[in-house]
Every structure is written in C-alpha cells, then in structure tokens.
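Topology and contacts: notes
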Amino acid sequence: MLTAGAVVAPAAQAAPAAKPKVPSIVAKGGFLLDGASGRTYYGKAGDTRLSTGSTTKIMTALVVLRTKGLNLDTKVTIDKAYSDYIVRKGASSARLIVGDKVPVRALLYGLMLPSGCDAAYALADKFGTGRTRDARVKSFIGKMNATAKSLGMKNSRFDSFDGIGNGANYSTPRDLSKLAAQALKNNHFRAVVKTKSITQRVTTKKGGYRNMSWTNTNKLLGSYSGAIGVKTGSGPQAKYCLVFAATRGKRTVVGAVLASSNEVNRTADAKKIMDYGFKL
C-alpha cells in the first residue's frame, strides 16, 4: 500500500534484442534478399561475376514458362542429338530416351530435379526459333539474355542453355537471387522446384507409355524448415553452387551461394544465410 508522497519507480524497459551475428560462409559469393520487397539481408561478393553451373537452368525454365500461349501438355520428341550431347559433355541427365514424346511439363521436372542437360537441350530446341537446331538454340539463348536484361541482372550473361558454357556463362549471387525471386512468382515453377521426387508418364516411339522417375538434387528440401527450392549447380569452374528459398510465416527469403568448396558446405552456407535472414 502506497503512502502519501511515495515515489513510484518507472517500469524497467526491456533491453533491445541483440542483432544476430553476420554469418561466415565458405562460398566465394553469397546473397540473400526478401522475396516480396527485394530488401537485401546478406551479401558477400554479391556483384562478383562467377560461373553458375546448372543454376543456369532457372533461366532456361523461366524463358519456357514465359512463352506466350504456352501449353504444358505439348509433346516434344526426344532427338538423338540430345543424348549424344550428354555423352559428349559427360553431363547430368534426365535419362530421356530417343524417340519418346515427352510433355513440356515433364521436361521441366527433368530439367530442374535431376538437372537434366538433355531436357535443357530439348526445351531450347523446342522454344527457340529458326530452321536449324543450331539456330533455334542460339535464338533460345538470346531469349535468356533478353530476359536477364529485363530483370535488371546487370552482371549476367548466358552462352548455354544448361550452364555448360563456352567460357562466357556467368552471373552473380545478387543476380541469381533476383532471378529466382522472379521465377518463384510463377506457380508452375514454384511447384516444380519444391518437388522432392516425381514420376511422369511419357509416350514411347511405338505409341505405348513408360514412367520416368526423377529425384531432386536439392538437399535442402525436407532438411530445412520451410525450404521451397530452388536449384543446385556444380562444375570445374563453378565449384558448388546453390540457389535457394524458404518460407516461414508470411516471409519468403531467396538467395544464392556460388563457388562453395563441396556439396556439404554449399548446403551449410545456404542454411546459415537463411537462418540469419529469418532473425532480422
């Protein structure tokens, strides 16, 4: 009970929360942004041009999905050139079979889950324009670069449909994060990249059917709370890359790590960056 003249002490104010420590990552470059506002949460060599490996296939998918009048059920006949390319390059494959007729929607899964360079070639050949295969592929890569320019990817250039470039295929952690954030606005892209495994039915050369099964190379799916994609990449120049995204509550963060030292570290780098972003 207070007596007359008693002085009441002011209520203690809660101390402001300590700002989380900026993480240290192994990758040569890394970036994280808010998927809605574009606000930057983290950057390490964010604008340094680096080889992208198969993260290039994010752009391949986006160009296809932005095609006017796109019908995902359109079937693409698998040409021997696509399988010959895989053998010649020693490239990752969706194990497409020559003569099969594969719907575009299935090719997108084959592109993004097992990182099929044969699927990438098939899509570039289908969605490029020109009388010859070489002309169509060149046209498709032109569309990739035009899309990059339209998205403000100022430090990116593509010279291949799959990341196996000719010495001039590069991007930056910031640019790839921008690209992924834009691609994730497409419902079909979002559905594809969050899929851990899938089986798709394709038509055989003789008119029968076969099932093709693919598993996602992205180890964040199922191991990181809220992970929704996006794409792995690796190669002699690119080292180990990962473009990633996760949603918790109403927030989605999107980012990239390029030129990490191995598969384990690229995943750890991504988790560190996202943990940091979600604390801000």
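Refer to the structure above for everything that follows.
1. Quick look at the overall build of the chain
Looking only at helices and strands, the chain features eight helices and eleven strands. Expressed along its principal axes, the backbone C-alpha trace of the chain runs to roughly 100 × 40 × 35 Å. The buried share of the chain, reckoned over its 280 residues, is 51%. Just so you have it, the chain exposes about 13,500 Å², and 51% of that area is on carbon and sulfur atoms. Charge separation in the chain, taken as the distance between the mean sites of 45 positive and 15 negative side-chain charges, equals 5 Å.

2. With respect to the packing of aromatic side chains
One pair of aromatic rings is described through two measures. These are the centre distance and the angle between the planes. According to the stated counting rule, one finds five aromatic pairs in the structure shown. Summarising the aromatic geometry, the rings of Y42 and Y276 are spaced 6.4 Å apart at their centres and angled 75° between planes, so their arrangement reads as edge-to-face. Note that Y42 is positioned in strand β2 (residues 40-44) and Y276 in helix α8 (residues 263-279), a separation of 234 residues in sequence. The two residues Y42 and Y276 agree in class, both being buried. Residues Y121 and F161 carry aromatic rings whose centres are separated by 5.1 Å and whose planes lie at 25° to one another, so their mutual orientation is stacked.

3. Details of the pairing of strand β9 (residues 227-235)
Across the nine residues that make up β9, a large majority, seven, are buried. In terms of strand pairing, β9 meets strand β10 (residues 239-248) through eight bridges, oriented antiparallel. Its bridge partner being in β10, T232 is matched across the sheet by L242. Taking the residues that link successive antiparallel strands as the turn, the β9-β10 hairpin has three residues.

4. Considering the pattern of salt bridges
Pairing between side chains of opposite charge can happen when the charged atoms of each approach one another. What the rule picks out here adds up to eight salt bridges. We note a salt bridge from D73 to R105, for which the minimum N-O separation is 3.0 Å. Of this pair, D73 sits in the loop between α1 (57-65) and β4 (75-77) while R105 is found in helix α3 (residues 104-112), placing the two residues 32 residues apart along the sequence. Across the pair K80 and D84 runs a salt bridge whose closest N-O atoms are separated by 2.9 Å. Of the two residues, K80 and D84 are both situated in helix α2 (residues 80-89); the distance of four residues between them amounts to about one turn of the helix.

5. Some remarks on the layout of surface pockets
In this model, the largest pocket occupies a volume close to 540 Å³. In this structure, the largest pocket is lined by 31 residues; those nearest its centre are G53, S54, I164, S234 and G235. Contributing elements (two or more residues each) for the lining of the largest pocket: β9 and α8. A per-element tally of the lining of the largest pocket places β9 first, with four residues. In terms of residue class, the lining of the largest pocket is made up of nine nonpolar, 17 polar and five charged.

6. Side note on α8
With 17 residues, α8 ought to run about 24 Å at 1.5 Å a step, and its terminal C-alpha atoms sit 25 Å apart, in line with that. For α8, the set of buried residues is R266, T267, D269, A270, I273, M274, Y276, G277 and F278. Where the residues of α8 are buried, they touch β1 (29-34), β2, β9, β10 and β11 (251-260). Two or three places before V264, at the start of α8, stands the capping residue N262, its side-chain oxygen 3.2 Å from that residue's backbone nitrogen.

7. Examining the environment of G165
Summarising the element assignment, G165 is placed in the loop between α5 (133-150) and β6 (170-171). Owing to a relative accessible area of 31%, G165 belongs among the partly exposed residues under this scheme. Sequence-distant contacts of G165, defined by excluding residues within four places in its chain, comprise D159 and S160.

8. Structural notes on the side chain of T52
Mapped onto the secondary structure, T52 falls in the loop between β3 (50-51) and α1. According to the relative accessible area criterion, T52 is buried, its value standing at 0%. Looking at T52, its side chain comes within polar contact range of the side chain of N169, at 3.2 Å.

9. Details of the sheet that holds β11
The five strands lie next to each other as β2-β1-β11-β10-β9, forming an open sheet whose pairing is antiparallel. Where the open sheet ends on each side, the last strands, each with one partner, are β2 and β9. Mean inter-strand twist for the sheet, computed between neighbouring axes without regard to direction, equals 5°. Examined bridge by bridge, β1 and β11 share six bridges and lie antiparallel to one another. Note on β11: the bridge partner recorded for L32 is G255. Strands β1, β2, β9, β10 and β11 of the sheet are contacted by α8, whose axis makes an angle of about 35° with β10.

What counts, and at which threshold
- Residues numbered from 1 in each chain as written.
- Predicted model: local features only at pLDDT ≥ 70, side-chain atom pairs only at ≥ 80, totals over all residues.
- Heavy atoms only, no water.
- Helix = DSSP H or I, 4+ residues; strand = E, 2+ residues; numbered from the N terminus.
- Buried < 20%, exposed > 50% of the residue type's maximum accessible area, 1.4 Å probe, protein only.
- Areas by Shrake-Rupley, 256 points an atom, 1.4 Å probe, with all protein chains shown as cover.
- Lys, Arg positive; Asp, Glu negative; His and termini not counted.
- Charge placed at Lys NZ, Arg CZ, Asp CG, Glu CD.
- Phe/Tyr/Trp six-rings, centres within 6.5 Å; stacked < 30°, edge-to-face > 60°.
- Pairing = 2+ DSSP bridges.
- Salt bridge = Lys/Arg side-chain N within 4 Å of Asp/Glu carboxyl O.
- 1 Å grid on protein atoms, 1.4 Å probe; cavity = no way out; pocket = protein on both sides within 12 Å on 5 of 7 lines; lining within 4 Å.
- Points joined across faces, edges and corners; volume = space filled by probe spheres on them.
- Nonpolar A, V, L, I, M, F, W, Y, C, P; charged D, E, K, R; others polar.
- Expected span 1.5 Å × (residues − 1).
- Contact = heavy atoms within 4.5 Å.
- Polar contact = N/O pair within 3.5 Å; in protein donor to acceptor, adjacent residues only side chain to side chain.
- Axes fitted to C-alpha atoms, helices over the stretch in contact; angles between N-to-C directions.

This is a description of form; function is not addressed.
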